[in-house]
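# A closer look at the structure
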Amino acid sequence: MLDDLFDYLEHIRERPVWQPIPHEVRAAFDEPLPQRATELAVVHEAFMHKVLPYAVGNAHPGFMGWVHGGGTAVGMLAEMVAGGLNANVGGRDQMPVEVERQIVRWMRDLFGFPEGASGVFVTGTSMANLIGLLVARTSVLGEGARKEGLGSEGQRLLAYASAGSHASIAQALDLCGLGTDRLRLVPLNERLEMDIGALRQRLAADWAAGYRPFFIAATAGSVDVGAIDDLGALADIARAQGLWLHVDGACGALGMLAPDIAPRLTGIERADSIAFDFHKWGQVPYDAGFVLVRDGELHGRTFAAQAAYLRRDARGLAGGSPWPCDFGPDLSRGFRALKAWFTIKTYGAQQLGAMISGTCELAQYLKRRIEATPQLELAAPVSLNIVCFRHRGAHSDVLNAEIAAELQESGICAPSTTAIHGRLAIRAAIVNHRTTMDDIDALVAATLKVGAGVGRKHGGRGNISAAVPEPAWRPCPEPPSRGKP
Ligand SMILES: *Cc1c(COP(=O)(O)O)cnc(C)c1O
């Protein structure tokens, strides 16, 4: 099984990035509960032929859809030994908990957080954003809210994030009981970052109306275009007005490892909490989200529970408190920290930082290729490792969506789509360490080929269709680079 996976990674370029799942393959996974044993080798065969070829393909260098990390063989081996050990890292006095604490200390240093800061592995940034919001809730309402609910003071709370923030921020407001109406989506500036002037105005109006603003979710690397909010300005506002500053750094926070990107994250060291993913830019296999909280004591008071069967002791297995389960809703939890530890130790922070810089350089290379290609146009500024563009021959959202789908089905490359200022764009997020200039060239060549075909098929016309969902944000000025290749 190991050999097969080494072969898979070694020869991944010879495979299609993705391919549609044949009906009979899908149907093979609709069988009754097996009553009798099957040889391991037979089960493995089924995996090799029916699962492996039809995965998302994010390990492939041509995969540029959404924001997916590529993983490494080192991470795979770490998963194997973690699986063999089968540690439950919810708590107790064991070295796996110390491995997680080592990562917490490293992240504390990386982000300039104080010694009292806490951190915990979670599934992903969606969960990490929710945890940041819940700790902020404790800071403003006190621990009483855990027992009594949000109460009348809770009715006045308001949170703020940019119109380009990830949907998991709004979801966190939903899940914590405040409701998504309590999230003010602040308009974007021309770089698609939160408009700081608009935020100030909104805050002033909300305070004057008797609301209690309490939470700003800054975005460090927006999911659509990789835009980084002005973290220093947001930290100033948060301090002056007594607000919690949370940073959604799922996409961008690990840019701290890259000397050329870290300065653009200045201000992140003043955040109250940071959420990010080792499984994206960190190349750690899924899943490996993380939340770092400046005030570890407050973090513990938000989640720690009293249960007789979770009693802590000064000695024996029940020692070593506080436990990871005191910092989030998970009790039983796997050894996610091990694959992050193996990855960081094996490659070292410098090499990881160089890999991160490399993905941004590739994005700039793609930007230049688009600017030099008359049939293509940029749809948004290129801030980090994400490039949004359109085919000019495809005059509508529908046709650009069709191009993206045909590229995915071609097996050559797999960009995804998003909406920029209400118009669909093809979006290439360069997150995978395996991606090279050749893959960028292949994306451009395939887009031109597919685009010409799609244009012909639709007679070079097309209608703006309602098939593309309305953007969640208000329109704002076009970015300066759009339409000037
Ligand atoms: C990916 C992403 C998330 C969600 O993270 P998951 O790990 O998928 O839960 C949140 N915010 C941003 C900016 C993202 O890119």
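Residue positions are given per chain, counting from 1 as you read along its sequence in written order. Selection of residues for local features in this predicted model requires a pLDDT of at least 70, selection of side-chain atom pairs for listing and counting requires 80 or more, and totals for whole chains, interfaces and linings are taken over all residues. Working from all heavy atoms in the structure, the side-chain values ignore hydrogens and water.

Looking now at the overall build of the protein. Assigned secondary structure in the protein consists of 15 helices and 11 strands. In this description the radius of gyration comes from C-alpha coordinates, and the expected globular size is given by 2.2 Å times residues to the power 0.38. Its C-alpha atoms give the protein a radius of gyration of 24 Å, near enough to 23 Å, the size a compact globule of 485 residues would have. Along the first, second and third principal axes, the C-alpha set of the protein runs to 70 × 65 × 45 Å. For the protein, the proportion of its 485 residues judged to be buried stands at 53%. Put simply, of all contacts in the protein between residues at least 6 apart along the chain, 76% involve residues at least 24 apart. Here the protein has roughly 21500 Å² of accessible surface; of this, 54% comes from carbon and sulfur atoms. All tallies of charge rest on Lys and Arg as positive and Asp and Glu as negative; His and the ends of each chain are not included. In this description, the location of a charge corresponds to atom NZ of lysine, CZ of arginine, CG of aspartate or CD of glutamate. For the protein, the centre of its 47 positive side-chain charges and the centre of its 52 negative side-chain charges are spaced 4 Å apart. Only runs of H or I of at least four residues qualify as helices and only runs of E of at least two qualify as strands under DSSP, and these elements are numbered from the N terminus. When accessible area is computed with a 1.4 Å probe and restricted to protein chains, residues below 20% of their type maximum are described as buried, those above 50% as exposed, and intermediate ones as partly exposed. Note on contacts: a residue pair qualifies if any of its non-hydrogen atoms lie within 4.5 Å across the two residues. Per-residue and other accessible areas follow the Shrake-Rupley method at a 1.4 Å probe size, with only the shown protein chains counted as cover for residues.

Attention shifts here to the domain arrangement of the protein. A domain assignment, automatic or from a database, supplies the domain bounds used here. Here the domain parsing of the protein yields domain 1 (1-71 + 351-485) and domain 2 (88-334). Measuring from the centre of the C-alpha atoms in domain 1 to the corresponding centre in domain 2 gives 30 Å. Across the contact, 35 residues belong to domain 1 and 32 residues belong to domain 2. Two parts placed together each lose some accessible area under a 1.4 Å probe, and adding up what both lose gives the buried area. Buried surface at the junction of domain 1 and domain 2, both sides included, amounts to about 2500 Å², of which 62% is carbon and sulfur.

What follows covers the site of the ligand. Residues are labelled near a given molecule or strand when at least one of their non-hydrogen atoms is within 4 Å of it. Around the ligand sit 13 residues in total, of which Ser-126, Asp-248, Asp-277, His-279 and Lys-280 are the nearest. Here a polar contact is recorded for every N or O atom pair within 3.5 Å, except that within protein the pair must consist of a potential hydrogen donor and a potential acceptor, and residues adjacent in sequence are included only if both atoms are side-chain atoms. A distance of 2.6 Å separates an oxygen atom of the ligand from a polar atom in the side chain of Asp-277.

An expected span of 1.5 Å times one less than the residue number is assigned to each helix. With 36 residues, helix α13 (residues 336-371) extends just 41 Å between its outermost C-alpha atoms, more than 12% less than the 52 Å of an ideal straight helix rising 1.5 Å per residue. The seven residues ending at a residue and the seven starting there each receive a fitted axis; the angle between those axes is the bend at that residue. By the largest-angle criterion, Gly-348 marks the main kink of α13, which is about 90°.

Below, the discussion takes up the layout of surface pockets. Counted as a void, the largest pocket has a volume near 750 Å³. Here the term cavity refers to a set of points on a 1 Å grid, laid over the protein atoms alone, in which a 1.4 Å probe fits but cannot get out; the term pocket refers to an open set having protein on both sides within 12 Å along at least five of seven lines, with lining residues being those that place an atom within 4 Å of a point. Lining the largest pocket are 27 residues, and of these Leu-5, Tyr-8, Ala-59, Met-76 and Pro-285 lie nearest its centre. Residues are sorted three ways: Asp, Glu, Lys and Arg are charged, Ala, Val, Leu, Ile, Met, Phe, Trp, Tyr, Cys and Pro are nonpolar, and all the rest, Gly among them, are polar. Of the residues assigned to the lining of the largest pocket, the class counts are 16 nonpolar, 9 polar and 2 charged. Split by domain, the lining of the largest pocket shows at least three residues from each of two domains, domain 1 (1-71 + 351-485) and domain 2 (88-334). Grid points are joined across faces, edges and corners, and a volume is the space filled by probe spheres set on the points.

Turning our attention to empty space enclosed by the protein. Tallied over the entire structure, the rule returns 4 cavities of 30 Å³ or more. Considering only enclosed or pocket space, the largest cavity measures out at about 100 Å³ in volume. If you trace the largest cavity, you find it lined by Tyr-8, Ile-12, Arg-15, Pro-16, Val-17, Trp-18, Gln-19, Leu-52, Pro-53, Ala-55, Gly-57 and His-60.

With that out of the way, let us pick up the pairing of strand β4 (residues 212-219). Of all 8 residues in β4, 8 are buried, a share of seventy percent or more. As paired elements, strand β2 (residues 157-162) and β4 share 5 bridges and run parallel to each other. Bridge pairing in β4 links Ala-159 to Phe-215. At least two DSSP bridges between two strands are needed for those strands to be called paired. Sheet analysis places β4 next to strand β5 (residues 244-248), joined by 5 bridges and oriented parallel. Paired with Thr-219 across the bridge in β5 is Asp-248. Handedness rule for crossovers: strands pointing away from the viewer, path from the first strand over the helix to the second running clockwise, crossover right-handed. The parallel pair β4 and β5, bridged by helix α11 (residues 231-241), forms a crossover whose chirality is right-handed.

Here we come to the packing of helix α5 (residues 95-110) against α13. When two helices pack together, their arrangement is given by the angle between the helix axes and by the axis-to-axis distance. Fitted lines through C-alpha atoms give the axes, limited to the stretch in contact for helices. The angle between two N-to-C directions lies from 0 to 180 degrees. Following both chains from N to C, one finds α5 and α13 inclined at 55°, their axes separated by 9 Å at the closest point. Considering the angle they form, α5 stands oblique to α13. As for the relative orientation of α5 and α13, their crossing is left-handed in sense. Along the contact surface, α5 presents Val-99, Glu-100, Gln-102, Ile-103, Trp-106 and Met-107, while α13 presents Ala-337, Leu-338, Ala-340, Trp-341, Ile-344 and Lys-345. Its residues assigned to classes, the contact of α5 with α13 shows 9 nonpolar, 1 polar and 2 charged. Here roughly perpendicular refers to angles of 65 to 115 degrees, roughly parallel to angles under 35, roughly antiparallel to angles over 145, and oblique to all remaining angles. When the near helix sits turned anticlockwise from the far one by under a right angle, the crossing is termed left-handed; a clockwise turn instead gives a right-handed crossing.

This paragraph deals with a negative patch on the surface. Among the surface-exposed residues, Asp-3, Asp-7, Glu-10 and Glu-14 lie close enough to one another that they form a single negatively charged patch. Its location among the elements puts Asp-7 in helix α1 (residues 2-10). Surface patches are drawn from residues lacking salt bridges whose relative accessible area is over 30%; two like charges belong together within 9 Å, two nonpolar side chains (Val, Leu, Ile, Met, Phe, Trp, Tyr) within 5 Å. Salt bridges are identified by distance alone: a Lys or Arg side-chain nitrogen within 4 Å of an Asp or Glu carboxyl oxygen.

Let us now look at the pattern of salt bridges. On inspection of all chains with the given rule, the structure shows 21 salt bridges. With a shortest N-O distance of 3.2 Å, Glu-193 and Arg-191 are connected by a salt bridge. Overall, the relative accessible area of 43% leaves Arg-191 in the partly exposed class. Residues participating in the shared-partner salt-bridge network are Glu-377, Arg-390, Arg-392 and Arg-423.

Attention now moves to the side chain of Arg-427. Tracing the backbone through its elements, the reader meets Arg-427 in strand β11 (residues 423-429). Separated by 3.3 Å, the side chain of Arg-427 and the backbone oxygen of Asp-224 make a polar contact.

Packing of helix α4 (residues 73-85) against α13 leaves a shortest axis separation of 8 Å and a crossing angle of 140°. Between α4 and α13, the angle is such that the two are oblique. Remark: the crossing between α4 and α13 carries right-handed chirality. For the pair α4 and α13, the contacting residues are Val-74, Gly-75, Ala-78, Glu-79, Val-81 and Ala-82 in the first and Leu-338, Lys-339, Phe-342, Thr-343, Thr-346 and Tyr-347 in the second.

With that out of the way, let us pick up the side chain of Arg-434. Relative to the helices and strands, Arg-434 is located in the loop between β11 and α15 (437-457). One buried charge, Arg-434, has no salt-bridge partner; the nearest side chain with opposite charge is Asp-439, at 9.7 Å. A polar contact of 2.9 Å, which involves the side chain of Arg-434, links it to the backbone oxygen of Gly-70. In this structure, Arg-434 is in contact with Leu-9, Arg-13, Ala-59, Pro-61, Gly-70, Gly-71, Thr-72 and Asp-439, ignoring residues within four places of it in sequence.

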